[in-house]
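Summary of the model geometry
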Amino acid sequence: MTIWSCLCAGDILLRREGADGAFSLPIGDEPPVALQPWNIVTTIKNESIVNSQFSIFNLKIVRLDKPVVGVEGLEMMGLRKSHAVLSPEEYQLASKAAELIYWDQNTKYCGVCGAPTKWMTDISKKCPECGKEWWPSPSTAIIVRVTRGETILLVRARNFRSNHYGLVAGFLETGESLEQCVERELREEVGISVKNLKYFGSQPWPFPFGLMVGFTADYADGEIHLQKEELTEGGWFTRDNLPPIPDKASIARRLIDDWLMRDERLKMRD
Ligand SMILES: [Zn+2]
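Residues numbered from 1 in each chain as written. Predicted model: local features only at pLDDT ≥ 70, side-chain atom pairs only at ≥ 80, totals over all residues. Heavy atoms only, no water.

A few words on the domain arrangement of the protein. Under the domain assignment used here, the protein contains domain 1 (2–106) and domain 2 (139–269). Distance from the C-alpha centre of domain 1 to the C-alpha centre of domain 2: 31 Å. With ten residues of domain 1 in contact, the opposing surface of domain 2 contributes eleven residues. Summed over both sides, the interface of domain 1 with domain 2 buries roughly 970 Å², with 67% coming from carbon and sulfur. On the domain 1 side of the contact with domain 2, R80, E99 and Y102 bury the most area, a combined 59% of that side's loss. Counting across the interface, domain 1 meets domain 2 through one salt bridge. One can count one residue pair in polar contact (both at pLDDT 80 or more) joining domain 1 with domain 2. Among the elements of the structure, helix 1 (79–82) and helix 2 (88–106) are those that each provide at least two residues to the side of domain 1 that touches domain 2. If you tally residues by element for the side of domain 1 that touches domain 2, the top one is helix 2, at seven residues. Split into classes, the residues belonging to the side of domain 1 that touches domain 2 amount to five nonpolar, three polar and two charged. (Domains from an automatic or database assignment. Contact = heavy atoms within 4.5 Å. Buried area = accessible area lost by both parts, 1.4 Å probe. Salt bridge = Lys/Arg side-chain N within 4 Å of Asp/Glu carboxyl O. Polar contact = N/O pair within 3.5 Å; in protein donor to acceptor, adjacent residues only side chain to side chain. Helix = DSSP H or I, 4+ residues; strand = E, 2+ residues; numbered from the N terminus. Nonpolar A, V, L, I, M, F, W, Y, C, P; charged D, E, K, R; others polar.)

Let us now look at the environment of K118. Relative to the assigned elements, K118 resides in strand 7 (residues 118–121). Sequence-wise, K118 and W134 are 16 residues apart; in three dimensions their C-alpha atoms are separated by 9.6 Å. When near neighbours in sequence (up to four residues on either side) are disregarded, K118 contacts K125, K126 and P128.

Once that is clear, we can look at the sheet that holds strand 9 (residues 133–134). If you walk across this open sheet you meet the three strands as 7-8-9, and the pairing is antiparallel. Each end of this open sheet is capped by a strand with a single partner; those strands are strand 7 and strand 9. Sheet analysis places strand 7 next to strand 8 (residues 124–126), joined by three bridges and oriented antiparallel. When the sheet's bridge partners are listed, K118 is paired in strand 8 with K126. (Pairing = 2+ DSSP bridges.)

What follows deals with helix 2. The end-to-end C-alpha distance of helix 2, which contains 19 residues, comes to 27 Å, matching closely the 27 Å that a straight helix rising 1.5 Å per residue would cover. Of the residues making up helix 2, those classed as buried are E90, Y91, L93, A94, S95, A97, A98, E99, L100, I101, W103 and D104. (Expected span 1.5 Å × (residues − 1). Buried < 20%, exposed > 50% of the residue type's maximum accessible area, 1.4 Å probe, protein only.)

Turning our attention to the layout of surface pockets. By volume, the largest pocket amounts to about 1300 Å³. For the largest pocket, the lining is made up of 41 residues, of which R80, N159, F160, W205 and F207 are closest to its centre. Of all the secondary-structure elements, those providing two or more residues to the lining of the largest pocket are helix 1, strand 10 (139–148), strand 11 (151–157), strand 12 (168–171), helix 3 (178–189), strand 13 (193–205), strand 14 (210–221) and helix 4 (251–269). No fewer than three residues from each of domain 1 (2–106) and domain 2 (139–269) sit in the lining of the largest pocket. Estimates place the volume of the second largest pocket at around 380 Å³. Mapped by element, the contributors of at least two residues to the lining of the second largest pocket are strand 4 (41–50), helix 2 and strand 14. In terms of residues, the lining of the second largest pocket owes the most to one element, helix 2, which gives eight residues. Here the lining of the second largest pocket is composed, by residue class, of twelve nonpolar, five polar and four charged. A domain split of the lining of the second largest pocket shows at least three residues from each of domain 1 (2–106) and domain 2 (139–269). (1 Å grid on protein atoms, 1.4 Å probe; cavity = no way out; pocket = protein on both sides within 12 Å on 5 of 7 lines; lining within 4 Å. Points joined across faces, edges and corners; volume = space filled by probe spheres on them.)

With that settled, the discussion passes to the coordination of the zinc ion. Note on the zinc ion: its protein donors are C110 (SG), C113 (SG), C127 (SG) and C130 (SG). The metal-donor distances range over 2.3 to 2.4 Å. In this structure, the zinc ion is coordinated by four donor atoms arranged in tetrahedral fashion, with angles at the metal of 99 to 118°. Read in sequence order, the donor residues coordinating the zinc ion give the pattern C-x2-C-x13-C-x2-C. Of this pair, C110 sits in the loop between helix 2 and strand 7 while C130 sits in the loop between strand 8 and strand 9, and the two are 20 residues apart along the sequence. (Donors = N, O, S within 2.8 Å, 3.2 Å for Na, K, Ca; no water. Tetrahedral: all angles 85-135°; square planar, octahedral: opposite > 155°, others 65-115°.)

Moving on, we come to the pairing of strand 11. Remember that side chains alternate between the two faces of the sheet whenever the strand is regular. Most of strand 11 is tucked away: six of the seven residues are buried. Count of turn residues in the strand 10/strand 11 antiparallel hairpin: two residues, of which G149 carries a positive phi of about 60°. As paired elements, strand 11 and strand 15 (residues 231–237) share six bridges and run antiparallel to each other. Looking at strand 15, one finds that L154 is bridged to G235.

Take a look at the structure:
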């Protein structure tokens, strides 16, 4: 079986499954649309669960020159939006494809000697001149859910396009542990300290090439003091007065939903 992840400028090509709003990644030996001779097809052998079935399949990844329009049954969709219509497994394959395309475009030349790089395996490259091997290394960022009694800390970042609030997050710096990164980001962005820091889970974040590492923590000390370059608003919110929160594609939403459900579970126990 061959599954196709064809992307163009951050949009993924999907096959429409009937009229009920269901979509899937195109499947078939042939590409879903005619490719140009210069389109490079990367093939990755995969073993994983797709749509509840264990499968061994080829994932074929293509960067299209232009979006596909006017083809019956096919539609281009923003990768993030596709999270809502694809199965989790297919969304992960689409994300992997987007990350590899981004990485490929950013590693055309060896960072050591400047020679053009060559693919070494399905997912790595090698410089033919100096022998340096290049493997994809997504940027690591932390994200943390801080609660204080019945309230949660939510902030609005300057770079958010919509009006939603999220959790404190930031990129890992060199020479720093994930725990130190959480403490630094909270200190810098909101001026508070936390206790009971616990790992929650992680998530690939293909916008464009990251790994989000989620934590939970309890408030310990400090008054909220927003870093104005990064955040426009922020504060403690109860579950009854939540502002707009991120969509379900994000680990931020998983962290917030987990808190909402925990509160619900406690209420049911009372
Ligand atoms: Zn080199």
